Amino acid sequence: MKIVIQRVLSASCTVEGESVSHIGLGLLVFCGVTATDTEEDIKKAAKKISGMRIFRNDAGKMSLSVGDVGGSIMLISNFTLCADCSHGRRPEFLSAAPAAKAEEYYKKLADMIGADLPVVCGVFGGDMRISAENFGPVTVYLDTASL
């Protein structure tokens, strides 16, 4: 799985002009499922996302997780994270998982994180509009293949 985590003061998702989900303080998480991902990748991703200590403590040091600050997570499917841009100018998405697998893993990731933290989702495969008020900014990239 290829994941981008952004620390936000707020984030929202709309589809066709309708509000689908929103959060206040928390993490906006974009997730791309690759064809080679396994159930173990879901577990690794859930653990990292839930425990990522990127919120500041009273001393200004990044040592608190989203749960520590009472925040929420917005999880957005994003197959374009699987892009291969190594040649030419048009990205290839050959490493992205087929839609059925990607949706299954995306939902499992949301359920796994949601067991411990408040999670809202976008619409899998939807033409989403994502708005975010980044906090920092703090942006972290994870690839479960390297965890």
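Provided above is the structure to which this section pertains.
Summary of the structure given here. Please read these numbers as outputs of a predicted model, since none were measured by experiment.

1. A closer look at helix α2 (residues 99-114)
In step 1: Its 16 residues give α2 an end-to-end C-alpha distance of 22 Å, which sits within 8% of 22 Å, the value for a rise of 1.5 Å per residue.
In step 2: Taken as a whole, α2 has its buried residues at Lys-101, Ala-102, Tyr-105, Tyr-106, Leu-109, Ala-110 and Ile-113. An end-on view of α2 places all buried positions within 165° of arc, on one side of the element. Of the exposed residues in α2, those oriented more than 90 degrees away from the buried face are Ala-100 and Asp-111.
In step 3: Each element contacted by the buried residues of α2 is listed here: β3 (26-32), α1 (39-51), β6 (72-77) and β7 (119-121).

2. Looking at the side chain of Lys-2
In step 1: Along the polypeptide, Lys-2 turns up in strand β1 (residues 2-15).
In step 2: Owing to a relative accessible area of 17%, Lys-2 belongs among the buried residues under this scheme.
In step 3: Side-chain polar atoms of Lys-2 contact the side chain of Asp-143, separated by 2.9 Å.
In step 4: In this structure, Lys-2 is in contact with Phe-30, Cys-31, Gly-32, Thr-34, Leu-81, Cys-82, Tyr-141, Leu-142 and Asp-143, ignoring residues within four places of it in sequence.

3. With respect to the packing of aromatic side chains
In step 1: Considering all chains together, one arrives at two aromatic pairs under this definition.
In step 2: On the numbers, 4.9 Å between centres and 65° between planes, the contact of Phe-79 with Phe-93 is edge-to-face. Separated by 14 residues along the polypeptide, Phe-79 in the loop between β6 and α2 and Phe-93 in the loop between β6 and α2 bring together distant segments of the chain.
In step 3: Ring plane angle 40° and centroid distance 5.9 Å describe the contact between Tyr-106 and Phe-124, whose orientation is recorded as tilted. You can see Tyr-106 sitting in helix α2 and its partner Phe-124 sitting in the loop between β7 and β8 (128-143), a full 18 residues away along the chain.
In step 4: Its relative accessible area of 4% is what places Tyr-106 among the buried residues.

Calculation notes
- Residues numbered from 1 in each chain as written.
- Predicted model: local features only at pLDDT ≥ 70, side-chain atom pairs only at ≥ 80, totals over all residues.
- Heavy atoms only, no water.
- Helix = DSSP H or I, 4+ residues; strand = E, 2+ residues; numbered from the N terminus.
- Expected span 1.5 Å × (residues − 1).
- Buried < 20%, exposed > 50% of the residue type's maximum accessible area, 1.4 Å probe, protein only.
- Arc of directions from axis to C-beta.
- Contact = heavy atoms within 4.5 Å.
- Polar contact = N/O pair within 3.5 Å; in protein donor to acceptor, adjacent residues only side chain to side chain.
- Phe/Tyr/Trp six-rings, centres within 6.5 Å; stacked < 30°, edge-to-face > 60°.

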